[in-house]
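# Reading the structure
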Amino acid sequence: MSDLRDLYQEVIFDHYKKPRNFHAMADANHVAHGHNRLCGDKLTVYLHLEGDVIQDVSFEGNGCAISTASASLMTDALKGKKVEEAERLFEEFHHLVTHDDAEASPDLGKLEVLAGVREFPARVKCATLAWHTLQAALKDRAAPVTTE
Ligand code: ZN
C-alpha cells in the first residue's frame, strides 16, 4: 500500500512540476476563472468545443501542488471527450475524492492518484477546483467561481 502511495505522490509531483496543457488558448470558445479562497489557488480553464466534443482544453494559473496536478490530469483526461462524458467523469471523480470507500472507476485512469485527498477535507477543494471551473466554462458563467 505504501508503495502505491509513493507512486501516486510521484505522479502528483510530476504534474505539479511539469503541468500538461499549461497555457492560454487563443482560439478558446469557452473560458472560466476559478478561485479556491481556502488555499489561494487560482486558475483559468480554456476550452475549444466543436459541437459537443472537447477538441482542446488547457489551463493556467497559480495554485498548490494538488490543484495544479488535478488541473493537469483533468486536461489530459478530457481531450477528445464529449461534454456528457466530461460531466460523468467529474461525477466519478467527485465521488472518489469524497467517499472513503469509493473504488476508482476504470474511466478515471490516472485521476485515481488524487484519491488520497479524501483524508484531508480542505484539500478536496484544491482537487475539484479545476473541475468546478470546467463546469463554469461549459456553461459560460460570467462570474468567477469559488469553491465556497
Ligand atoms: Zn490548494
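The paragraphs below set out a description of the structure included in this document. Note that the structure is a prediction, hence the values are computed from the model and not measured.

What follows concerns the packing of helix 3 (residues 83-98) against helix 4 (residues 121-139). Running from amino to carboxyl end, helix 3 crosses helix 4 at an angle of 160°, the nearest separation of the two axes being 11 Å. It follows from the interaxial angle that helix 3 and helix 4 lie roughly antiparallel. In this structure, the crossing between helix 3 and helix 4 has a hand that is left-handed. Residue-level inspection shows Val83, Ala86, Glu87, Leu89, Phe90, Phe93, His94, Val97 and Thr98 of helix 3 in contact with helix 4, the latter providing Val124, Ala127, Thr128, Trp131, His132, Gln135 and Leu138. In terms of residue class, the contact of helix 3 with helix 4 is built from ten nonpolar, five polar and one charged.

Now for the pairing of strand 3 (residues 53-62). In this structure, strand 2 (residues 41-50) lies alongside strand 3, joined through nine bridges in antiparallel fashion. Bridge assignment links Tyr46 to a residue of strand 3, and that residue is Ser58. What sits between the antiparallel neighbours strand 2 and strand 3 is a turn of two residues, in which Gly51 has the positive phi angle 60°.

Reading guide: rules and limits
- Residues numbered from 1 in each chain as written.
- Predicted model: local features only at pLDDT ≥ 70, side-chain atom pairs only at ≥ 80, totals over all residues.
- Heavy atoms only, no water.
- Axes fitted to C-alpha atoms, helices over the stretch in contact; angles between N-to-C directions.
- Helix = DSSP H or I, 4+ residues; strand = E, 2+ residues; numbered from the N terminus.
- Parallel < 35°, antiparallel > 145°, perpendicular 65-115°, else oblique.
- Left-handed = near helix turned anticlockwise from the far one by under 90°.
- Contact = heavy atoms within 4.5 Å.
- Nonpolar A, V, L, I, M, F, W, Y, C, P; charged D, E, K, R; others polar.
- Pairing = 2+ DSSP bridges.

What is shown is where atoms sit, not what they do.
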